[in-house]
Amino acid sequence: MTPIHEEAAPARQGASAGVPVDEPAQPDRIRRPADAIRFAASVVGLAAVMLLVSIAQETTHGLHTDIAEGAAHAPRLLLSLATLVSSFGVLAVPIAFGIERLFHKDGMRVAIALLAAVIAFGLTVGLDDLVVRGAPGGVLDSLIWGGTETAPVHTDIAPVIAFVSAVGMAGRARWQAATWTMIGLAALTGLTASYASVAALAATYFLGRAIGHGTLYVVGTPNPRPPGRAVVAALERLGLRPKRAARLDEPADGAEETRRYGVVLAPRPLDGRGARLPVGRGAHGDWDLELHVLDRDQQTAGLLYRVWRLLRLRATTTGRALRSLRRSLEQESLMAYAVDAAGVRTPRLIGTSEVGTEAALLAYEHVPGRRLADLDDEEVTDDLLTDVWRQFRALQEGRLAHRRLQDGAVLVGDDGSAYITDLRAGEIAAGDLALRLDLAQILTTLALRAGPERAVRTAVAVLGEEALAAAVPLLQRVALSRTTRTALRHDRDLLTRIREQIVRLKPETEVAPARLERFRPRTIFSIVALSVAAYIVIPQVASLDLGTMTATASWQWVLVALGAAALTYVAAALMLMGFVPERLPLWRTVLAQLAASFVKLVAPAAVGGVAVNTRYVQRSGVRPGLAVASVGASQLVGLVTHILLLILFGFLTGSTAKATQDLAPSRTVVIAVLSLGLLAGLALTVPRVRREVTTRLKSMFSGVVPRLVDVLQSPKKLSTGMGGTLLLTVAFVLCLDASIRAFGGSLPITTVVVVFLTANALGSAAPTPGGLGAVEGALTLALTISGLSAETATSAVLLYRLLTLWLPVLPGWGAFTYLQRKEAL
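For every chain, the first residue of the written sequence is number 1, and numbering continues from 1 onward in sequence order. The predicted origin of the model limits local features to residues at a pLDDT of at least 70 and limits the giving and counting of side-chain atom pairs to 80 or more, whereas totals for whole chains, interfaces and linings rest on all residues. No hydrogens and no water enter the side-chain calculation; it runs on all heavy atoms of the structure.

Before going further, it helps to spend a moment on the pairing of strand 4 (residues 242-247). Following DSSP output, two strands are said to pair if at least two bridges run between them. Put simply, DSSP H or I for four residues or longer makes a helix, DSSP E for two residues or longer makes a strand, and each gets a number counted from the N terminus. Bridge analysis of strand 1 (residues 21-22) against strand 4 gives two bridges, and the strand direction is parallel. Directly across from Asp-22, in strand 4, lies its bridge partner Ala-246. Across five bridges, strand 4 lies against strand 5 (residues 258-265) in antiparallel orientation. Bridged to Ala-246 within strand 5 is Gly-262.

Structure (structure tokens):
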């Protein structure tokens, strides 16, 4: 290989200038992902500055004062010199750079940068002269910048920062140093002259960057990617003479990470061992070399996804989120040599070279063949699978992690041999976890093509049972590549079938999934939901005088509400006992329901109770499948009963004049039901939502119908289950009604039933523990609409939730601990 360096042999551009390159025409301008990411980051920075100054005004004012006092002690001559240099240089240096770019025929980028500067200038002038002066003491003045003596943004340097951000100075260190030095001196001048505060300068920086990169992304940057002719010409730096070339891959909306070219050399050169380079016969002709071109702007393709994976997964499961062009080139080169040294069959790397300042190439020996993804099913033979596993075993023995072992990374040569390609994400001296992740990935890849049985059988013959068993805990969707996860949507139980094949060979295999995630997306969703719930609940509590509320409460009704709340646990126990054909003791079943109230604080309301009851029924001697079916039957009957009661009492409430005046449910209930039905119908038109709902319903209610048939054969069990279901609703309604009466309120019982059923449905659907926030908000709103005052409604809801959610926590924890000690949970 010839390393990349500035002293490489001079390229004979004239010899290669006429080399024909067959490739599609490239667009004149492109929208780079990097510009969108930098724009978003600048907007976030600007928002952070505004937020920080808004909540820390005294700190920023003090910082500005300290700087002003420090500048007063600086030598006057030095400050005057800095002012003189910056006032001239802050414009002169960018202008000089723009002229230099014009001489290099880069006028389009200069024009875009000038547009960004004009936009920045107009915006900053508008902020300084119109907004603040038009509204003195307004939010920009008082919250952000702290006084009318300073400007919101620095008008002199904001356009310059926008120009510099848009024109692009990457790789030109001297120009960058000169430009940012002038900008820094101009900022210092603004501080010493009290023209701009520290916060204003920080906001000016982020605003200028946002305008520059935003303009560049909207308009599109001149395409910096070198054309095929420039790429082929760079081969002469490696001492190679190209004769003709062609693009091998099809562009994918500019989203590809590499470009591939096939090249014919003339005459055939000698390689480093004194042998002629072979000529491959591929679908595009006879190629000697295959070039992989890395573009600088494509290094950020998929950056947000990689950052998300980096944050979500543990550090050892992911590679670097972002690498420079040089780092990517070095990593792939090192991996190519390491793979070849490990005895893995892979295209030989001939050399690497820079292609201008925006790209680099890797020249591989061309191997004629097709990707595994392009083979017909009958061509994926056991011999081919065995050969793939042998190459993989050599990778593992060399401690080399590929990280992208999907079907596009396996090349099947015309001679039927398997080659490992696509090494750009690889890692040398890899840890055990990275190697096991590679095993899980290639196992899933081959199972998608050949089926789990053949993939496992051929793997065992090469790797052995022990090595294959190590992949079972890592056979998780989150551990696989994005392409593989997309393919798994069409075969959702594939990973389960792979595990079953391995466990059948080695029954003592550890099947518990390994913990790869730092957190799950539902955790973030729950945190957001809890924050919203706190935003709803805390103001309600803060607006109440708890002392007055306690003193004015009717304790007789509070005791009634407490008794009704206690009755709910007996009702829930009867409901569960009725739908389990096997005998369950009443007292212990009541304790299980009390334990479920403790679990509600760490899980959504609809999830915690189901999990505890299922576990309790299993521990009572019922087989797992029947236990899930029994709990599912009780949930299904409860859901149907809930809907029927809501419809019935909604009709009854709407038929009375009193209720019509209070809640008008004949219209409100109908509108709410129709709206929910419309939303549900629209959601079910989305295939992914429909599949998810179907899967969840099948898993929840599979086996429910046979279980219900068993219950129907026993009138005693049926009456117990239905009686418990109705008693549960009655107890909750009585608790809510008593809570209302405890504070002097009164509503028709039919209205209270409708309010409870609606709020309970929302609480079950909410992802927050115990439906926190959703239940309180729904109950308070419904009771207020029904005619209660806001104070009475809020007090009643807080008492109701205290008795049904918070008060049972400590007894629930005791019941949970007791049942665990007795091995009943």
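The subject of this paragraph is the nonpolar core. The biggest cluster of nonpolar side chains holds 57 residues, and the ones touching the most others in it are Trp-389, Ile-442, Leu-443 and Ile-498. Elements that contribute at least two residues to this core include exactly helix 12 (325-341), strand 10 (359-365), helix 13 (382-397), strand 12 (410-413), strand 13 (418-420), helix 14 (432-450), helix 15 (452-463) and helix 18 (494-505). With eight residues, the top contributor of residues to this core is helix 14. If near-sequence neighbours (up to four positions away) are discounted, Trp-389 is found in contact with Leu-439, Ile-442, Leu-443, Leu-446, Ala-455, Thr-458, Ala-459, Val-462 and Leu-463. Side-chain atoms within 4.5 Å are what join buried Ala, Val, Leu, Ile, Met, Phe, Trp, Tyr and Cys residues into a set we call a nonpolar core. For every residue, the accessible area (1.4 Å probe, protein chains only) is compared with the maximum for its type, and the residue is labelled buried under 20%, exposed over 50%, or partly exposed between those bounds. In terms of nonpolar packing, the next biggest core, distinct from the first, is built from 35 residues, Ala-561, Leu-646, Leu-757 and Val-797 among them. Throughout, a contact is declared for two residues whenever any of their heavy atoms are within 4.5 Å.

Only residues whose relative accessible area exceeds 30% and that form no salt bridge are eligible for patches; like-charged ones are grouped when within 9 Å, while nonpolar side chains (Val, Leu, Ile, Met, Phe, Trp, Tyr) are grouped when within 5 Å. Each accessible area is a Shrake-Rupley estimate made with a 1.4 Å probe; only the visible protein chains count as cover when residues are assessed. What counts as a salt bridge is simple: a side-chain nitrogen of Lys or Arg found within 4 Å of a carboxyl oxygen of Asp or Glu. The charged-residue count follows a simple rule in which Lys and Arg add positive charge and Asp and Glu add negative charge, with His and chain termini not counted at all. Taken as the charge location is NZ of Lys, CZ of Arg, CG of Asp or CD of Glu. A cluster of like positive charges, contributed by Arg-477, Arg-489, Arg-492 and Arg-691, occupies part of the molecular surface. Residue position: Arg-477 is located in the loop between helix 16 (465-469) and helix 17 (482-488). Under the relative-accessibility criterion, Arg-477 is labelled partly exposed at 35%.

Another aspect to go through is the pattern of salt bridges. Counted according to the given criterion, the structure contains 17 salt bridges. Residue Arg-326 pairs with Glu-354 through a salt bridge whose shortest N-O separation is 3.1 Å. With Arg-326 in helix 12 and Glu-354 in strand 9 (residues 349-355), the pair connects residues that are 28 residues apart, well separated along the chain. A residue is classified by how much of its surface remains accessible, and Arg-326, at 36% relative accessible area, is partly exposed. Given a relative accessible area of 21%, Glu-354 falls into the partly exposed group. A salt bridge links Asp-377 to Arg-449; its shortest N-O distance comes to 2.9 Å. Taken together, the positions of Asp-377 in the loop between strand 11 (369-371) and helix 13 and Arg-449 in helix 14 put the pair 72 residues apart, joining distant regions of the chain. Residue classification places Asp-377 among the exposed positions, given a relative accessible area of 54%. For Arg-449, a relative accessible area of 17% translates into the label buried. Salt bridges here are not isolated pairs; linked through shared partners, they connect Asp-382, Glu-453, Arg-454 and Arg-457.

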